[in-house]
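# Observations on chain architecture
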Amino acid sequence: MDLLTDLLQQAGVRRRLLDLGTLTPAASLRFPCERSIGLHAVTAGRLFIHAPTLDEPLLLQAGDVAVMARGCHHVLSLRADPPTEVVTVGTFARDGRDPASAHHAQVISGAYQLWNDPLHPFLREMPPWFVLPAESVPRLGPLALTLGLLDAEVRRGDLGTSTIVHGLLDAVFTYALRDLTQRQAAEHPGWSQAVADPQIRIVLALMHEDMAHPWTLDDLARRAGLSRTALAERFRAALGDTPLSHLRTLRMQKAMQLLAETGKNLEQVAQAVGYQDAFGFSKVFKRTTGVSPRAFRQQDARDRLQPWRLQAE
């Protein structure tokens, strides 16, 4: 079970490529990220991130990759002082300008939208700003090589460029998240630390693989080779939650995905996420999300008409 891939799928992540082409002194760009994780890969020059959550502008240079958590509104600029003229960024559009000048920078960006709450613990725990400096990335490592391919493909603009660039951007995003989980596991309790524990990882994989199964603490502990008490203590120490409470979060996130993306009725959705009937499922869903499943589905249908809502590609 690939837990990272599965949690992103269950969260309903949608991606949009935001290629800024060449950033110039006259063009500071705003990224409204209310429901999106942002990614910036700088391929030439240097630039600054300005954001209300930063004490000072964050400098990014060629080869740096920056990931910002959901809700981190920010502006990219070539200037360290606060930008005065700001344009909201658009979608993929190559401008063909030469970024070699000291007064330009080349950056490739992506928005990874997570429309609905509750967010998976890993996504809730993401630091507002995470930067992989170029000097910390091995020159012949997979991330550096992928960035090189990404930059070359954007510049080339040949047949199939859009497909290739989207795939390479996803690879950069995943490499960055992988690095983030490793650092988080070493420094902070949370989901990243939980998946670093082999026995807790077994429990998490069981939950992800079969949410409809009527798991009990005894079942999970036995499959992980732990006592009930040991599992509960180690799980709480790592995640700050109980196994069954975490399972409920996963089920509600999966339920939101099914309600939003399929035509399954409430009974079918309930059974798919481990509830015997629609009534019991609806009570838990409303207690968790604040709305009934039916109201959630109706609101989600309205939200899909919003221009900033990303759709499946």
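That block above? That's the structure.
Conventions we followed
- Within any chain, residue numbers begin from 1 and follow the written order of that chain's sequence.
- Residue-level local features of this predicted model are given only where pLDDT is at least 70; pairs of side-chain atoms are given and counted only at 80 or more, and the full residue set underlies all totals for whole chains, interfaces and linings.
- Side-chain measures were taken over the full set of non-hydrogen atoms in the model, leaving aside hydrogen atoms and water.
- Put simply, DSSP H or I for four residues or longer makes a helix, DSSP E for two residues or longer makes a strand, and each gets a number counted from the N terminus.
- When we talk radius of gyration, it's over C-alpha atoms, and the globule rule is simply 2.2 Å times the number of residues to the 0.38.
- The criterion used for residue contact is that any of the two residues' heavy atoms lie within 4.5 Å.
- For the accessible areas, the method is Shrake-Rupley and the probe is 1.4 Å, while residue cover comes only from the protein chains on display.
- In this count, Lys and Arg are taken as positive residues and Asp and Glu as negative ones, while His and the chain termini are left out.
- By convention, charge coordinates are those of NZ in Lys, CZ in Arg, CG in Asp, or CD in Glu.
- Strands are treated as partners if at least two bridges between them are detected by DSSP.
- To define axes, lines are fitted to C-alpha atoms, for helices over the stretch in contact only, and angles between the resulting N-to-C directions are given on a 0 to 180 degree scale.
- For this classification, under 35 degrees means roughly parallel, over 145 means roughly antiparallel, 65 to 115 means roughly perpendicular, and everything else is oblique.
- Take the far helix as the reference: if the near one is turned anticlockwise from it by less than a right angle, the crossing is left-handed, and if turned clockwise, right-handed.
- Note that Gly is not counted as nonpolar here; it falls among the polar residues with everything else outside the nonpolar set of Ala, Val, Leu, Ile, Met, Phe, Trp, Tyr, Cys and Pro and the charged set of Asp, Glu, Lys and Arg.
- Both site types are read off a 1 Å grid over the protein atoms alone. A 1.4 Å probe that fits but cannot get out defines a cavity, while an open set with protein on both sides within 12 Å along at least five of seven lines defines a pocket; lining residues have an atom within 4 Å of a point.
- Grid points are joined across faces, edges and corners, and a volume is the space filled by probe spheres set on the points.
- Disulfides are defined as cysteine sulfur pairs within 2.5 Å.
- Only protein chains enter the area calculation, which uses a 1.4 Å probe; residues under 20% of their type maximum are buried, those over 50% are exposed, and those in between are partly exposed.
- Throughout, nonpolar core names a set of buried Ala, Val, Leu, Ile, Met, Phe, Trp, Tyr and Cys residues whose side chains join them through atoms within 4.5 Å.

## Topic: the overall build of the protein chain
Of regular secondary structure, the protein chain possesses 12 helices and 10 strands. A compact globule built from 313 residues should have a C-alpha radius of gyration of about 20 Å, and the protein chain, at 21 Å, falls within 12% of that. Oriented by its inertia axes, the alpha-carbon framework of the protein chain measures out at about 65 × 40 × 40 Å. Within the protein chain, contacts between residues separated by at least 24 positions form 76% of all contacts whose residues are at least 6 apart in sequence. For the protein chain, the accessible surface area stands at approximately 15200 Å², while carbon and sulfur atoms represent 52% of it. Within the protein chain, the 33 negative side-chain charges are centred at a point lying 6 Å from the centre of the 34 positive side-chain charges.

## Quick notes on the sheet that holds strand E8 (residues 86-88)
Pairing within the open sheet is mixed, and its 5 strands lie in the order E5-E4-E7-E2-E8. The two strands at the open ends of the sheet, each matched to only one other strand, are strand E5 (58-61) and E8. This sheet shows a mean twist of 30° between the axes of neighbouring strands, independent of strand direction. The pairing of strand E2 (residues 28-31) with E8 spans 3 bridges and is parallel. Along E8, the bridge assignment pairs Leu29 with Val87.

## Quick notes on the packing of helix H1 (residues 3-10) against helix H6 (residues 198-209)
In the contact formed by H1 and H6, the axes pass within 11 Å of each other and the chain directions differ by 40°. Taken together, the axes of H1 and H6 lie oblique to each other. You can see that H1 and H6 cross each other, and the crossing is left-handed. Contacts between H1 and H6 involve Leu3, Asp6 and Leu7 on the former and, on the latter, Arg201, Leu204, Ala205 and His208. For the contact of H1 with H6, a count of residues per class yields 4 nonpolar, 1 polar and 2 charged.

## Structural notes on empty space enclosed by the protein
One pass over the full model with this rule turns up 1 cavity of 30 Å³ or more. There is about 190 Å³ of room inside the largest cavity. Along the lines of polarity and charge, the residues of the lining of the largest cavity split into 7 nonpolar, 7 polar and 4 charged.

## Considering the state of the cysteines
Going through the model one piece at a time under the given rule, you end up with 0 disulfides. The closest cysteine sulfur to the non-disulfide-bonded Cys72 is located on Cys33, 7.5 Å from its own sulfur. For Cys72, a relative accessible area of 7% gives the class buried.

## What to know about the nonpolar core
Judged by nonpolar contacts, the single largest core of 76 residues is most densely connected at Leu47, Leu123, Leu204 and Leu231. The biggest single contributor to this core is helix H4 (residues 161-187), with 8 residues. Among residues more than four places away in sequence, those in contact with Leu231 are Ile200, Val203, Leu217, Leu220, Ala221, Leu226 and Pro243.

## Focus: the packing of H6 against helix H8 (residues 228-239)
In contact at an axis separation of 10 Å, H6 and H8 are set at 85° when each is read in the N-to-C sense. With respect to H8, the axis of H6 lies roughly perpendicular. Contact residues: Gln199, Ile200, Val203, Leu204 and Met207 in H6; Leu231, Arg234, Phe235 and Leu239 in H8. Partitioned by chemical class, the residues of the contact of H6 with H8 number 7 nonpolar, 1 polar and 1 charged.

## Some thoughts on the environment of Gln10
Note on Gln10: relative accessible area 11%, which makes it buried. C-alpha separation for the pair Gln10 and Gln253, spaced 243 residues apart in sequence, amounts to 6.4 Å. Discounting chain neighbours no more than four positions away, the residues touching Gln10 are Met211, Gln253, Lys254 and Gln257.

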